[in-house]
Amino acid sequence: MLRRVRQSLRQVLFLMARRPDLLCGAIVLGVLLVLAVKFTCSRAKNVVAAARPPVRFFSAEAPVVDLYLGQLDQVERLRSVAEVSLIFFYAPWCAHSMAARQEVQQVAKKLAKQVQFVAVNCWWSQGKCRRHNRFYQYPIIHLFYRRFGPIEYKGPFVAPYVESFILRVITPLTYLPSRAQLEEFLSCHEPRVVGFFQFNSSPQPPGYITYLSSALQALKRDFRGVVRFGVVTNKQVAEAISLREDEAVYLHRRFNSSLIFPRRERNFTSEAICNWVFQHRETVLQWLHPPGTKSRLLEQELNKGSALLLFLPHNPLGSQPSPLLQQVADVAVRYHSCANSNHFVVDKSSTSRSRCCQSVVLPESGTRVCEVCLSSSRPSLTASPVRCSFPSTTPGGDVFQTYLRHCCLQQLPSPLSIKTATSAGCSAFLNSYSPFSQYSACCRKVEPQLNESQAKEEPDMQRVPPSPPPSSDPPSSLPQQEGDGITGLRCQTNRTLRFYVLDVDLNWPLAVRLGASGNRSASLLQEAGARGDVSADGSFAAIVNLKDEVHYVLRRSPAATLTESLEAFIRNFSAPYSLLQRHLVGQEGRKGSEEEEEAKRADEHQHPPPRLLITELTTSTFLPSVMDLEKDVLLFYYTQWCGFCSVLNHIIIQLARLLQGNRSITVARVNVARNDLPWEFMVDHVPSILLFPKYRKHYSVKFPDDLPITLPNLLHFILKHSGSVHHADKASVDAEGPGPGTVLHAEFLALQREVKSLQHAREHLSQQLAQLWRDNRRLTFDARSLEAENADLQRERQSLEDQHREKSRQLGEAVTRLQELVDTSENLLNENTLLRVLLRALKDRTEAQEQAAAERKEAEQKRSHMAS
């Protein structure tokens, strides 16, 4: 490598020696290059402008200390002098920080006398906050209570929620001086913790600070402070909950035994108390606060099982729970109260058997009556009165009758086998959820009793029992059970529910996706309340079953309360044969009023709109369009993310253009990613094509998967499976007075329409074939011209390759000659150097001889002179 470099340098030096102008040009070019680089770098430094110094983020009137230079040392100083302080870390460019600024200012104006508000710019590169902290999002709120902290706020940046959280931090404990206040404190459905500390011996017991820190630790885990901590200082009040020892912590539980913190087994520290409380607490109603960003919070909760999502208006600053939340909490508590779900009479033995009976009139026949009895056998410790809960037998309450019809009547004898009035058919079946319960049903036929006048007037008339009036209420709003039918239902069914509450104002988009009205204006809320989607109080409820991929929406009756609607909704979901219908979510267009729809239909009769090539179906228009008996519907299933569906779009459009003149065939498509469909109309993959023939919708046909989706194959598929007149319902033909002429005329009209459609299709095909022939001919000429051009290019390429080889050979010879010249010049230089050395040596030798001769001559002259 070094040898090659040396040779290259020698060649350059040789050329420069022969061409001095090249050396001058290289020097000039080098100088210009250095000047250009220097000039460019100097301009680049001037383009990058220095960062502007930060300015105040909060207004000067706001009671917030704005450290816009990121002075983290001042934060510690301000925090040390305040009992409660709030630190707001922000970035000036962050939109979330700008939105939260107004909310924090609003809270600061109300709580400025109790809390020190400090805002820190944690984005300024020269500030200490940026260098010492690494925040991945903004804004961040930290609260400090004296020396305890930081307590990070993880809730929504809304003024009421922030203020509620600050108030919880200011007063983490609730003082309970009397038994009445203690009972009121423990009556809430949320978990409650009570600590007993006597302040007689010392101003502040040592365990009290630990208990206070545990309450603040709980606020770290849950910003809402669902687990409330109370403190009792009176010994008589503490004895009401069996607290006799000082510095004891009591966890109140509603369904299981309450617990006392085991100080002998665990260390009495704030973290240990907090972990113990969250491990053993009972939660019947859980709040959800989806952050609105990418998060798996909602998915994690829904994966636990079926969930009842309740969207309620909520005021975090309210001293008492709202009436709606109180009703929901009451329903949730009774739903989880398994110990109070059944009461039976027991004897002195450990096990007794009780029996409750009720008569039920079957809806199929008013003369058949079933006596349904519930026999239960289970251990109990105390005697209690018998209380039986049967479903309602009033009109509309037919859930239990449906259950009885499916489970019991299949084993009962038919009415023809019942010979006498006293004959009965009996059947017993086990309860599906408890081995201690058993239903038994005895059905018999009861002859109606008539008086003498009725017997004379109607001796031979068939007696038909009056049918109950139909109920207009939706299934979820019907009271299905008399008495308290929701108590203990969690332990009586395998379809258990988890109760979740969400703030309707913060999570309204989620409610809309589940089926609520799309706008929260007063008029639209009133219309949604009339439909039952959203109640007049603004609440919305839905049951989501993520495993089965279904959800149900609560349709409230205007006359029913929230408690009644929820109880019926939960019972219908828990029933073995549920009447709830799956809610389908789809792309709904603009819904006008009834007058606008009628005017639109009248205008369509006068001026028919132009027919679309492809009909786009949604969830609401799917069944009316597909189930049109007078049209063959070719349905194309697709999604917006399916690449194969996009490839087939031009084929579907060509097919729709061919069939545009045929009014009896509709080409439609549906986006199954945005429109829920009934299970019987779903497909296992996309793209898929189904044909629903006219007059035979139950004989829908799927396009074969092993057949390529092309225009001829689709036409053959439609012609093969499309419906015809002879498949029409016979009832419609009988109504018109059918005859041989009518049938032949109908067949003739159908054949005539088919011939016309085939003629139109043939014309379209002929035009397309002509166009294809012209395109093919043009492509042939283009191909020939391209082939000629290609041949010319090949020849030019061959000549260029020959020239390239010749030039390469000549260049090689020139390089060889140059190498020889270089070698010759090097030899000449070496010889020249040797000659110069020899000449120098000869010159030195000659000079030495001349000098010696001169010296000898001078010596001789001196000797001759002396001799003379």
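Below is a summary of the structure that appears in this document. (Residues numbered from 1 in each chain as written. Predicted model: local features only at pLDDT ≥ 70, side-chain atom pairs only at ≥ 80, totals over all residues. Heavy atoms only, no water.)

With respect to the helices and strands, the residue Asp-676 is situated in the loop between strand E22 (665–671) and strand E23 (688–692). Residues Asp-676 and Thr-619 lie 57 residues apart in sequence; the distance between their C-alpha atoms is 6.1 Å. Once you skip the residues sitting within four places of it in the chain, Asp-676 turns out to touch Arg-582, His-583, Leu-584, Val-585 and Thr-619. (Helix = DSSP H or I, 4+ residues; strand = E, 2+ residues; numbered from the N terminus. Contact = heavy atoms within 4.5 Å.)

Below, the discussion takes up the packing of helix H8 (residues 206–221) against helix H10 (residues 270–280). Running from N to C, H8 and H10 cross one another at 55 degrees; their axes reach a closest spacing of 8 Å. With respect to H10, the axis of H8 lies oblique. Two packed elements cross with a definite hand, and for H8 against H10 that hand is right-handed. Between H8 and H10, the residues in contact are Thr-210, Ser-213, Ser-214, Gln-217, Ala-218 and Arg-221 and Ser-270, Ile-273, Cys-274, Asn-275 and Phe-278, respectively. (Axes fitted to C-alpha atoms, helices over the stretch in contact; angles between N-to-C directions. Parallel < 35°, antiparallel > 145°, perpendicular 65-115°, else oblique. Left-handed = near helix turned anticlockwise from the far one by under 90°.)

What helix H3 (residues 72–81) keeps buried is the set Leu-72, Val-75, Leu-78 and Arg-79. With its buried residues spanning 110 degrees around the axis, H3 presents them on a single face. Exposed side of H3, more than 90 degrees from the buried face: Ser-80 and Val-81 are the residues found there. Structurally, H3 contributes buried residues whose contacts are with strand E1 (65–67), strand E2 (84–90), strand E3 (116–121), helix H5 (128–132) and strand E4 (140–145). (Buried < 20%, exposed > 50% of the residue type's maximum accessible area, 1.4 Å probe, protein only. Arc of directions from axis to C-beta.)

Membership of the largest hydrophobic core comes to 53 residues, with the highest contact counts inside it found for Phe-88, Phe-117 and Ile-166. Excluding residues within four positions of it along the chain, Phe-88 makes contact with Phe-57, Phe-58, Ser-97, Ala-100, Val-104, Val-118, Ala-119, Val-120, Pro-139, Ile-140 and Ile-141. With 37 residues, the next largest nonpolar core counts Cys-642, Val-672, Leu-690 and Leu-691 among its residues. (Core = buried A, V, L, I, M, F, W, Y, C linked by side-chain atoms within 4.5 Å.)

Among the 7 residues that make up E2, 7 are buried, leaving the element largely enclosed by the rest of the structure. With burial as the criterion, each face of E2 is covered, one bearing Val-84, Leu-86, Phe-88 and Tyr-90 and the other bearing Ser-85, Ile-87 and Phe-89. Taken together, the 6 bridges between E2 and E4 define a ladder with antiparallel strand orientation. The residue of E4 that forms the bridge with Phe-88 is Ile-141. Note that E2 and E3 share 6 bridges and pair parallel. What sits directly across from Ile-87, in E3, is Val-118. With helix H4 (residues 95–111) bridging E2 and the parallel E3, this β-α-β connection has right-handed handedness. (Pairing = 2+ DSSP bridges. Right-handed = clockwise from strand over helix to strand, strands pointing away.)

The next point concerns helix H7 (residues 179–186). For H7, the full list of buried residues reads Leu-182, Phe-185 and Leu-186. For H7, the angular spread of buried residues about the axis comes to 90 degrees, placing them on one side. Among the exposed residues of H7, those pointing more than 90 degrees away from its buried face are Ala-180, Glu-183 and Glu-184. Those residues of H7 that are buried are in contact with strand E6 (173–175), strand E7 (192–196), strand E8 (228–232), helix H9 (235–239) and strand E9 (248–252).

The full count for this structure, using the stated rule, is 2 disulfides. Each disulfide pairs two cysteine sulfurs, and for Cys-122 the partner residue is Cys-129, the sulfurs being separated by 1.9 Å. Torsion about the S-S bond of the Cys-122 and Cys-129 cystine: about -85 degrees, corresponding to left-handed handedness. Between the sulfur atoms of Cys-338 and its disulfide mate Cys-491 the distance is 1.6 Å. Measuring the twist about the S-S bond at about 75 degrees, one finds the Cys-338-Cys-491 disulfide to be right-handed. Within this pair, whereas Cys-338 is found in the loop between helix H12 (323–336) and strand E13 (351–361), its partner Cys-491 is found in the loop between helix H14 (452–457) and strand E17 (498–503), the two being separated by 153 residues in sequence. (Disulfide = S-S within 2.5 Å.)

Quick look at the packing of aromatic side chains now. The geometry of an aromatic ring pair is captured by the separation of the ring centres together with the interplanar angle, meaning the angle of the planes. Scanning all chains against the criterion turns up 25 aromatic pairs. Ring geometry for Phe-311 and Phe-540: centres 5.8 Å apart, planes at 45 degrees, overall tilted. Here the residue Phe-311 occupies a position in strand E12 (residues 307–312), and Phe-540 occupies one in strand E18 (residues 540–545), the gap between them amounting to 229 residues. Accessibility expressed as a relative area gives 0% for Phe-311, which makes it buried. For Phe-540, a relative accessible area of 2% corresponds to the buried category. Over the ring of Phe-185 we find Arg-192, and its NZ or CZ is 5.0 Å from the ring centre. The ring centre of Phe-573 lies 4.2 Å from the NZ or CZ of Arg-495, which sits over that ring. (Phe/Tyr/Trp six-rings, centres within 6.5 Å; stacked < 30°, edge-to-face > 60°. Lys NZ or Arg CZ within 6 Å of the ring centre and 35° of its normal.)

If you trace the 5 strands from one edge of the open sheet to the other, you get E6-E8-E7-E9-E10, paired in mixed fashion. Taken across any chain shown, the strands that pair with only one partner, and hence form the sheet edges, are E6 and strand E10 (259–260). The sheet contact formed by E7 and E8 spans 5 bridges and is parallel. Pairing of Gly-195 across the sheet is with Val-231, part of E8. With respect to the sheet, H10 is in contact with E7, E9 and E10, its orientation differing from that of E9 by roughly 20 degrees.

Further remarks concern the pattern of salt bridges. A full pass over the atoms with the stated rule returns 21 salt bridges. Between Arg-809 and Glu-806 there is a salt bridge whose closest N-O contact spans 2.2 Å. Placement of the pair is Arg-809 and Glu-806 together in helix H24 (residues 740–867), with a separation of 3 residues, close to one helical turn. Taking relative accessible area as the criterion, Arg-809 reaches 42% and is therefore assigned partly exposed. (Salt bridge = Lys/Arg side-chain N within 4 Å of Asp/Glu carboxyl O.)

With respect to the secondary-structure elements, Asn-121 resides in strand E3. A relative accessible area of 3% means that Asn-121 is categorised as buried. For Asn-121, the contacting residues outside a window of four places in its chain are Pro-54, Leu-67, Tyr-68, Gly-70, Tyr-90, Pro-92 and Cys-129.

Glancing now at the pairing of strand E5 (residues 148–152). Both E4 and E5 contribute to a ladder of 3 bridges, which runs antiparallel. Looking at E5, one finds that His-142 is bridged to Glu-152. Between the end of E4 and the start of E5, which pair antiparallel, lie 2 residues, with Arg-146 showing a positive phi angle near 55 degrees.

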